[in-house]
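# Reading the structure
For reference, the chains in residue letters:
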Amino acid sequence: MIPVAFEYELATSAEHALSLLAEHGDEAKLLAGGHSLLPLMKYRLATPAVVVDIGRLTDLSYVREDGDVLAIGALTRHRDVETSDLVRSQVGLLAAATSKVGDPQVRHRGTLGGALAHGDPASDLPAAIIALGGSMVIQGPSGSREVPVDDFFTGFLETAIGEDELLTEVRIPKAPEATWSFQKFNRRAQDWAIVGAAVMVDGDRCGVGLVNMDSRPVRAGGVEAAIASGASAADAAASAADGLEPPSDLNAGVDYRCHLARVLTRRGLEEAGR
Amino acid sequence: MQVSMTINGADVSHDVEPRTLLVHFIREDAGLTGTNIGCDSSSCGACTIHVNGEAVKSCTMLAVQADGQDVTTIEGLADGETLHPMQQAFHECHALQCGYCTPGMVMAAVSLLDEVPDPTEAEVREGLEGNLCRCTGYHNIVAAVLQAAGGAR
């Protein structure tokens, strides 16, 4: 499987990438680690005329503390997130979820920003960012803006990132005392989750993000509210699938996915100490 | 466009289309056919090589993304006639049946031990989750990796 021919541009800075996007408009796609985009291009589901390679913008690969927030550069590879002492100690759920992405080879290339910008409801990391209450820094021609995760995923494979914009940083409130759990149910080790649940409990705050339970990454708001009002894990998890429209495919139908969402949410809450 | 990289210590440079996959660059332009293409969809791991010392699936990387990088393939592991310890362990443990997955399996295993030098059996199995053996010969593959890890101690 070989992609359709395209023009290749190597971005040498974030500003250069933005100018290339401005030049080529919706014919261009950004290439980071390539582990979401290249498979789509090989299957010819994506046929960009221009590929703008941002994979060498090493100044967008970092994990650093910024007051109450952990700031992670969008081009930080999964492997570097997974093994970061700061990520593990401040937002452990993200390290756990990242360690479940694909396989070691994928994690050596794939990036946090790339996975989030892809906006795939079946991806592990959006659910973790939802549970942790993160936000995304998006740079465009007229400057940067910060978008909370609840406004970031706008539809199937769609995000708030405009065609002329670039995701540069992911910001996550530090939660060193939080307990958490990442529940991923799949058939084979490296597969996508059939359903997944990312759970974080930090004092009164509870965050629950679900994988593969709707057309976009979703928050289980009913579960969070139930926990906040003192419900047990089992009672709270009963509402995990309420109002959601999960896909039906060879692995699981709608009813089975809803069942999995309730079970995995309950297990997650229990593992997180609720 | 001109793409240049180091493969197994040798400079390799070819004029290729941007859409050329790294695995095709390695097999067809560099002429190194030890790296196999299996699923061609980043699932099976047969095409695993090292880029700057880390295991990656060369079917899911463009050759241009490896421009200027240091690539190692299965042909680059042995020192002349002396097998790499991982190759030796695969040989001694009979860690292959048809052999198709073996180059990728060995490259993934070498990368795994770089990151986890003294793994448990569970860590080996999890660390090789990106590589499929359709003969299902995992038992001896895991044994070989554990033996290689032991030899390095």
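Predicted, not measured: the structure shown is a model, and the values here were computed from it.

Accessible area lost when the parts come together is the quantity often used to give the size of an interface. Listed per partner, the contact involves 21 residues of chain A and 27 residues of chain B. Of all the secondary-structure elements, those providing two or more residues to the side of chain A that touches chain B are α2 (37-42), β3 (50-53) and α6 (104-109) of chain A. Split by residue class, the side of chain A that touches chain B holds 12 nonpolar, 6 polar and 3 charged.

Let us now look at the sheet that holds strand β2 (residues 10-15) of chain B. Residues and elements named next belong to chain B. Taking strand neighbours across the sheet as the criterion, the 5 strands line up as β2-β1-β5-β3-β4 in an open arrangement whose pairing is mixed. Looking at which strands have only one partner, the edges of the open sheet turn out to be β2 and β4 (54-57). Strand-to-strand twist of the sheet, defined as the mean angle between neighbouring strand axes without regard to direction, takes the value 40°. In this structure, strand β1 (residues 2-7) lies alongside strand β5 (residues 70-72), joined through 2 bridges in parallel fashion.

This next bit is on the confidence of the model for chain B. Scored by pLDDT, chain B has a mean of 96; 99% of the residues are at 70 or more. As scored by the predictor, the complex reaches a pTM of 0.96 and an ipTM of 0.96.

A few words on the nonpolar core. Of all hydrophobic cores here, the largest spans 84 residues; its most connected members are Leu 93 and Ala 128 of chain A. Among the elements that line this core, the one with the most residues is helix α8 (residues 124-132) of chain A, at 7 residues. Beyond its immediate chain neighbours, meaning those up to four positions away, Ala 128 of chain A contacts Leu 93, Leu 94, Ala 97, Phe 182, Ala 198 and Gly 209 of chain A. Counting residues in hydrophobic clusters, the runner-up holds 47 residues, among them Val 23, Val 124, Leu 132 and Ala 148 of chain B.

In this section: the domain arrangement of chain B. All names here are of chain B. Along its sequence, chain B is organised into domain 1 (2-76) and domain 2 (85-152). Here the C-alpha centre of domain 2 lies 21 Å away from the C-alpha centre of domain 1. Residue-level contacts link 16 residues of domain 1 with 12 residues of domain 2. For the side of domain 1 that touches domain 2, the elements supplying multiple residues, two or more each, are β3 (48-51) and β4. At 3 residues, β3 tops the list of elements feeding residues into the side of domain 1 that touches domain 2. Along the lines of polarity and charge, the residues of the side of domain 1 that touches domain 2 split into 6 nonpolar, 9 polar and 1 charged.

The next point concerns helix α1 (residues 22-29) of chain B. Because an α-helix completes one turn every 3.6 residues, residues spaced three or four positions apart along the sequence face the same direction. All names here are of chain B. For α1, every residue scored as buried is listed here: Leu 22, Val 23, His 24, Phe 25 and Ile 26. Its buried side turned inward, α1 meets β1, β2 and β3. Gly 31 sits one or two residues past α1 and shows a positive phi near 70°.

Moving on, we come to the sheet that holds β3 of chain A. All names here are of chain A. The strand order β1-β3-β2 describes an open sheet built from 3 strands, whose pairing is parallel. Of all the strands in the sheet, just β1 (7-10) and β2 (28-31) have a single pairing partner and so form its edges. Each strand of the sheet is rotated relative to its neighbour by a mean of 25°, with strand direction disregarded. Pairing analysis gives 4 bridges linking β2 to β3, with the strands arranged parallel. Its bridge partner lying in β3, Leu 31 is registered against Asp 53.

Definitions and cut-offs
Residues numbered from 1 in each chain as written. Chains lettered and ligands numbered in written order. Predicted model: local features only at pLDDT ≥ 70, side-chain atom pairs only at ≥ 80, totals over all residues. Contact = placed C-beta atoms within 7 Å. Helix = DSSP H or I, 4+ residues; strand = E, 2+ residues; numbered from the N terminus. Nonpolar A, V, L, I, M, F, W, Y, C, P; charged D, E, K, R; others polar. Pairing = 2+ DSSP bridges. Axes fitted to C-alpha atoms, helices over the stretch in contact; angles between N-to-C directions. pLDDT = per-residue confidence, 0-100. Core = buried A, V, L, I, M, F, W, Y, C linked by C-beta atoms within 7 Å. Buried ≥ 20, exposed ≤ 12 C-beta atoms within 10 Å, placed from the backbone. Domains from an automatic or database assignment.

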